Amino acid sequence: MEIIKGIKKYANTDRIALKCDGEELSYKDLERFSESIGAYLKEVHSDNTPIIIYGNKDNLIVPCMIGALKSGRAYIPLDVTFPVERVLTVAEEVEPKIIFNFTDSSKEEFGLNVTVLDKDDINRILEEYKNEVINEASWVKNDENAYMLFTSGSTGKPKGVQISSNNLDNFTKWIIDYLKIDDSGMIIMNQVSYSFDVSVIALYGGLINGATLFSLSKKTMGNYKELFKQFSESNINLWVSTPSFVGICLNEDSFNSKMMPKLNSMIVLGEVLSKNLSKEVLERFPGLRLMNGYGPTEATVAVTAIDVTDDIINDDKSIPIGYAMDGIEIKIVDKNGKEVADGEKGEIIMIGKSVSKGYFKNQEKTNEVFYYEEINGLKERAYRAGDIGYRIDGKIYYCGRKDFQIKLNGFRIEIEDIENNLCKVPNVRNAVVLPVYKDEKIAYLQGVVELKEKNNLSNLKNGVMIKKELEKLIQSYMVPRSIKIVDEFPINTNGKIDRKKLMEEM
Ligand code: AMP
């Protein structure tokens, strides 16, 4: 794995690998700690069950990830925004032997069938295994899983996307080249949570090249004064985030090239990039190289990208998602799987070496969207993204989804995931979640609920109580802003809940 080799390359220098909230972790320590953690994992568990890492941006998380890779195991990063109940849902499926816990949740909350290691335990392991060295033969390799990311699933249970060493090596080779990440000691923004694929750009692209990852913790992100103070002291060269996060930063007038004089490249991914946002960014940061990247977790991170130039912004069409990366073929097909002509809309399909082998222990869902295609005489994995798009002059344009998957502030959410979890809340008979749009963008979610039994509480109180219960089941960003209680749902001619009518009644 290139990331392990990269870290080794800088382990004898005084380079800093990670900075978070004033704390630093050197490449030397990253190498040493990951060897120790890997040796511990190899010793205590001879099988290769994946491990779970539950936390946010603590510097020590990265040695746990790399330690897992060195020991031949996949890691599953679950951000602190996952409530414990959701972590347990993942654990039920994965049956991990170990959870590295960087949150305030107590060990008891995870049940008895798993060893939960907190920071004190990890520090003990680092001391106890400080002289251990791991042989390259143990590392995760080829088609073995390196990590799994659990994304929102329409059944109410998250789906585990399996990403292999090969997937990663193919993706990182391209993105490092495209973003011009070199070994000059770059400083890369590490803002995106580790449970979201976009974080892989800084993590892998950066650590392979001896860069410093400037991590922004949830605590910092919740305090704008501190956030902008950190930006001004960061010397960040490369920015990686969703457009939504850039949008939030633009609300601060002093967010410009004076605040971040070293910033020369910005890639945004994960959701639609608007022209207004692009224009504003380029006004605030003259000469900045702005890029739009596109891709699903199922194809590692990104499969297309484009530089957002003045010509693109001044064009009549929306900002394209760009050209396919090296080693990936993009097809746009109709309902029968036949390629459409240039300019015609269809479903986006990606074929090539960065496409995942499928969802963990979920053959049915895997078979629905993954298949094999022959490209240049080779059998390659293909993924039907569910995204609608078209191609003109080689450039691909995105124009929405064919299902109920949405992006809210950059977070990928299946509307049915929230609805299914709402139905688990006591006294909820049925539930619908509606995205509410503002300026052609989803501004927030509105829940609508039918109660099992009427009680003497006001609708407002019922709504608040339901939200509280829902927060225990799903990530906070998935919880609708408010819950409206209805006596019964309107039904359309097909006998289904009439979402359109509900939307009109909002
Ligand atoms: P995720 O797996 O969280 O990266 O989400 C993948 C989905 O986000 C894609 O299937 C698209 O629907 C959407 N998406 C990702 N990048 C872009 C982009 N640049 N423009 C529009 N939508 C995007």
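See above for the structure.
Let us look at the structure shown here. (Residues numbered from 1 in each chain as written. Predicted model: local features only at pLDDT ≥ 70, side-chain atom pairs only at ≥ 80, totals over all residues. Heavy atoms only, no water.)

Turning our eyes to something else, we now look at the pairing of strand β25 (residues 482-486). Of the pairings in the sheet, the one linking strand β24 (residues 441-451) to β25 comprises five bridges and is parallel in character. Bridge pairing in β25 links Val448 to Lys484. Handedness of the β-α-β unit built from β24, helix α15 (residues 459-471) and β25 comes out right-handed. (Pairing = 2+ DSSP bridges. Helix = DSSP H or I, 4+ residues; strand = E, 2+ residues; numbered from the N terminus. Right-handed = clockwise from strand over helix to strand, strands pointing away.)

Attention now moves to unusual backbone geometry. Positive phi, normally seen in glycine, also occurs at Asn142, with a value near 45°. Mapped onto the elements, Asn142 comes out in the loop between α5 (119-128) and β7 (145-151). With a phi close to 60°, Asn235 is a non-glycine residue in the positive phi region. Structurally, the position occupied by Asn235 is in the loop between α9 (224-234) and β11 (238-241). When its relative accessible area of 38% is taken as the criterion, Asn235 is described as partly exposed. (Buried < 20%, exposed > 50% of the residue type's maximum accessible area, 1.4 Å probe, protein only.)

With that out of the way, let us pick up the environment of Val301. Along the chain, the position of Val301 falls in the loop between β13 (289-294) and β14 (304-307). Spatially, the C-alpha atom of Val301 lies 8.5 Å from that of Ser354, the residues being 53 residues apart in sequence. Setting aside residues no more than four positions away along its own chain, Val301 makes contact with Phe171, Asp197, Val198, Val200, Ile201, Tyr294, Gly295 and Pro296. (Contact = heavy atoms within 4.5 Å.)

Once that is clear, we can look at the site of the ligand. In the vicinity of the ligand lie 17 residues, with Gly293, Thr297, Asp387, Lys407 and Arg412 positioned nearest. Here a nitrogen atom of the ligand sits 2.9 Å away from a polar atom, N or O, in the main chain of Gly293. Contact distances for the ligand include 2.5 Å between an oxygen atom and a side-chain N or O atom of Asp387. Contact with the protein chains covers 97% of the free accessible surface of the ligand, which is 500 Å². Listed by contribution, the elements that provide at least two residues to the shell around the ligand are β13 and β20 (395-401). (Near = heavy atom within 4 Å. Polar contact = N/O pair within 3.5 Å; in protein donor to acceptor, adjacent residues only side chain to side chain. Areas by Shrake-Rupley, 256 points an atom, 1.4 Å probe, with all protein chains shown as cover.)

Bringing the layout of surface pockets into the picture now. Sizing a probe to match a water molecule and rolling it over the atoms shows the empty space that remains. By volume, the second largest pocket amounts to about 580 Å³. If you go around the second largest pocket, you meet 23 residues; those closest to its centre are Gln191, Met221, Phe245, Asn409 and Phe411. Put simply, the parts of the chain that give the lining of the second largest pocket at least two residues each are α8 (218-221) and α10 (243-250). Considering every element that reaches the lining of the second largest pocket, the biggest residue donor is α10, with three residues. (1 Å grid on protein atoms, 1.4 Å probe; cavity = no way out; pocket = protein on both sides within 12 Å on 5 of 7 lines; lining within 4 Å. Points joined across faces, edges and corners; volume = space filled by probe spheres on them.)

Attention shifts here to the side chain of Asp417. Positionally, Asp417 belongs in helix α14 (residues 415-422). For Asp417, a relative accessible area of 0% corresponds to the buried category.

Now for the state of the cysteines. Tallied over the entire structure, the rule returns zero disulfides. Between Cys20, a cysteine without a disulfide, and Cys64, which holds the nearest cysteine sulfur, the sulfur-to-sulfur distance is 14 Å. Cys20 sits in the buried class, given a relative accessible area of 9%. (Disulfide = S-S within 2.5 Å.)

Moving on, we come to the pattern of salt bridges. Between side chains of opposite charge, a pair can form as their charged atoms come close. Tallied over the full model, the rule gives 30 salt bridges. A salt bridge links Glu31 to Lys70, with the nearest nitrogen and oxygen atoms 2.9 Å apart. Of this pair, Glu31 sits in helix α2 (residues 27-44) while Lys70 sits in helix α3 (residues 61-70); the two residues are 39 residues apart in sequence, bridging distant segments of the chain. Note that Lys317 and Asp315 form a salt bridge whose closest N and O atoms lie 3.5 Å from each other. The structure contains a network of salt bridges with shared partners spanning Lys8, Glu31, Glu35 and Lys70. (Salt bridge = Lys/Arg side-chain N within 4 Å of Asp/Glu carboxyl O.)

Within the largest apolar cluster, 91 residues are counted, with the highest numbers of intra-cluster contacts made by Ile3, Leu69, Tyr75, Phe100, Tyr204, Leu207 and Met350. Those residues in contact with Leu207, other than ones at most four positions away along the chain, are Ile3, Gly6, Ile7, Ala17, Tyr27, Leu30, Val62, Ala202 and Leu213. One finds Cys249, Val268, Phe285 and Val308 within the second-largest nonpolar core, a separate group that totals 31 residues. (Core = buried A, V, L, I, M, F, W, Y, C linked by side-chain atoms within 4.5 Å.)

So, about the packing of aromatic side chains. Enumeration according to the criterion identifies 20 aromatic pairs in this entry. Seen in terms of ring centroids, Trp239 and Phe245 are 5.7 Å apart; in terms of plane orientation they differ by 25°. Their pairing is stacked. The residues Trp239 and Phe245 share a single accessibility class, namely buried. Residues Phe411 and Tyr477 carry aromatic rings whose centres are separated by 3.8 Å and whose planes lie at 5° to one another, so their mutual orientation is stacked. Within this pair, whereas Phe411 is found in strand β22 (residues 411-414), its partner Tyr477 is found in the loop between α15 and β25, the two being separated by 66 residues in sequence. According to the relative accessible area criterion, Phe411 is partly exposed, its value standing at 29%. The side chain of Lys57 reaches across the aromatic face of Tyr194, ending 3.7 Å from its centre. Against the face of Phe404 rests Arg499, its NZ or CZ located 4.9 Å from the ring centre. (Phe/Tyr/Trp six-rings, centres within 6.5 Å; stacked < 30°, edge-to-face > 60°. Lys NZ or Arg CZ within 6 Å of the ring centre and 35° of its normal.)

With respect to the element layout, Leu502 can be found in helix α16 (residues 499-505). Along the sequence, Leu502 and Arg86 sit 416 residues apart, while their C-alpha atoms lie 29 Å from each other. Among residues more than four places away in sequence, those in contact with Leu502 are Val432, Leu434, Val448, Phe489, Pro490 and Ile497.

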